[in-house]
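Next come the chains, spelled out residue by residue.
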Amino acid sequence: MPENHQDIARLSRRALLAGFAATPLGAGAAASQGATQGAAYRQPSSDGAAGFMAVAEDMLKKAVEEGDQPFGAVVVKDGRIVGWGPSRVVTDTDPTAHAEMIALRDAAKRLGTNSLSGCTMYSTSHPCPMCEAGAYWAGIDRFVHGRGGTDGGAPRLRRC
């Protein structure tokens, strides 16, 4: 770390953040983001919906192990998982951190776009109105949900 104020002024923002991440406080903040975000994906061993639902179930198990609600989701494009998320509502103290929303955010970041057209979301449960609206606005093509792998079709906006 820098010795004095002149050294601090010479450091780039990236170098300062990297130094912070190495401290115990920074490491704790990174841990609260969830180990799944930024990690390599476990691609399913079997092809098709059953394999992708198995990984969504893994996300559900991860959420429960970390003290959160039992929900998980993955986003798939061209037969590969491009985003995933366990529920983070409790652990992040964020009512919008549903597994589907976490998976949408992860996929958008990894693909470098807010358009997820050409993608399918696999979720362990039927999407709530917020998650279905998020998938709609992201351009998700199809929603597959539940243990039986119900094809919910294209996400829709629900009018109140």
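Our structure's up above, just so we're on the same page.
The shown structure was predicted, so the numbers you read here are calculated from the model rather than taken from an experiment.

Notes on helix H4 (residues 49–65)
- Between its first and last C-alpha, H4 extends 24 Å over 17 residues, near the 24 Å set by a 1.5 Å rise per residue.
- Along H4, the residues that are buried comprise Gly 51, Phe 52, Met 53, Val 55, Ala 56, Glu 57, Met 59, Leu 60, Lys 62 and Ala 63.
- Lining the buried residues of H4 we find strand S1 (72–77), strand S2 (80–86), strand S3 (119–123) and strand S4 (142–145).

Here we look at the nonpolar core
- Within the largest apolar cluster, 16 residues are counted, with the highest numbers of intra-cluster contacts made by Val 75, Leu 104, Leu 116, Cys 119, Met 121 and Ile 140.
- Looking at this core, the elements that each hand over two or more residues are S1, helix H5 (99–111), S3 and helix H6 (129–138).
- Broken down by element, this core gets its largest block of residues, five residues, from H5.
- Other than its neighbours up to four places away in sequence, Ile 140 contacts Val 75, Leu 104, Leu 116, Cys 119, Thr 120, Met 121, Ala 135 and Pro 155.
- Of all hydrophobic cores here, the second largest spans ten residues; its members include Phe 52, Val 55, Val 74 and Tyr 122.

About the criteria used
- Residue numbering note: each chain is counted from 1, following its sequence as written.
- Per-residue local features of the predicted model are confined to residues with pLDDT of at least 70, and side-chain atom pairs are confined, for both listing and counting, to 80 or more; whole-chain, interface and lining totals are unaffected and use all residues.
- Values reported for side chains reflect all heavy atoms of the structure, with hydrogen atoms and water molecules removed beforehand.
- Helix and strand definitions follow DSSP, with helices as H or I runs of at least four residues and strands as E runs of at least two, each counted in order from the N terminus.
- The length a helix should cover is 1.5 Å for every residue beyond the first.
- Between buried and exposed lies partly exposed: a residue is buried under 20% and exposed over 50% of the maximum accessible area for its type, with that area taken using a 1.4 Å probe on protein chains only.
- The contact criterion used throughout is that any non-hydrogen atoms of two residues lie within 4.5 Å.
- Only buried Ala, Val, Leu, Ile, Met, Phe, Trp, Tyr and Cys residues count toward a nonpolar core, and they belong to the same one when joined by side-chain atoms within 4.5 Å.

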